[in-house]
Amino acid sequence: MGRNFIYKILGALIFVVSAVLWILSLTVSETFGFFNLAWAGVILCGGIGILFLLNGVFQKNITTVKKLKIWFGAGLLICAILCLVSAITIPKSLILPIISIVITVAFLITVLATGGKKWDEGDNHKAGYKNYYERKAEEEKKEKESE
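**Q** Tell me about helix α1 (residues 5-27), residues and numbers included.
**A** A rise of 1.5 Å per residue sets the reference length of α1, with its 23 residues, at 33 Å; its end C-alpha atoms lie 33 Å apart and thus fit the reference within 8%. Regarding α1, the residues found buried are Tyr-7, Gly-11, Ile-14, Ser-18 and Ser-25. Contacts from the buried residues of α1 go to α2 (29-32) and α3 (37-58).

Structure follows, in structure tokens:
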């Protein structure tokens, strides 16, 4: 099994759940009549958004990829909130504060998941790093000593 297998399975299950609930809303309308396309959007966007957040936080990736996954997950959660607004009646004065909370939490998660590293931080920022000329001079010195 690959590293992303669990995320792929969970993503597929989210799609299956929303499709099954949609069919049940059409066939058994007295029980599942509340379910509509807005609720399907909440399930899809919310579930896949949470998977992207978890994938960005817990996988070993380049810092840029981790941040991208976290921000994409936050964007999907915002879409889920917008679908939820159309599914149920949330006062319009609460929509922007909820979206701002999602964005600030996503920013906090990116800082925590990446450890505050910059995307372009390379070996030359580490202590004891030697550039090409310094390494070449050491190799020549070793060759002279070995002769």
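So much for the structure itself; the text now carries on.
**Q** Describe the state of the cysteines, naming the residues involved and giving the relevant values.
**A** A complete count under the given rule lists zero disulfides for this structure. Between Cys-45, a cysteine without a disulfide, and Cys-83, which holds the nearest cysteine sulfur, the sulfur-to-sulfur distance is 5.0 Å. A relative accessible area of 18% places Cys-45 in the buried class. Cys-79 forms no disulfide, and the closest cysteine sulfur to it belongs to Cys-45, at a distance of 5.0 Å. Of the residues examined, Cys-79 reaches a relative accessible area of 35% and is grouped as partly exposed.

Each value, and the rule that gives it
- Residues numbered from 1 in each chain as written.
- Predicted model: local features only at pLDDT ≥ 70, side-chain atom pairs only at ≥ 80, totals over all residues.
- Heavy atoms only, no water.
- Helix = DSSP H or I, 4+ residues; strand = E, 2+ residues; numbered from the N terminus.
- Expected span 1.5 Å × (residues − 1).
- Buried < 20%, exposed > 50% of the residue type's maximum accessible area, 1.4 Å probe, protein only.
- Contact = heavy atoms within 4.5 Å.
- Disulfide = S-S within 2.5 Å.

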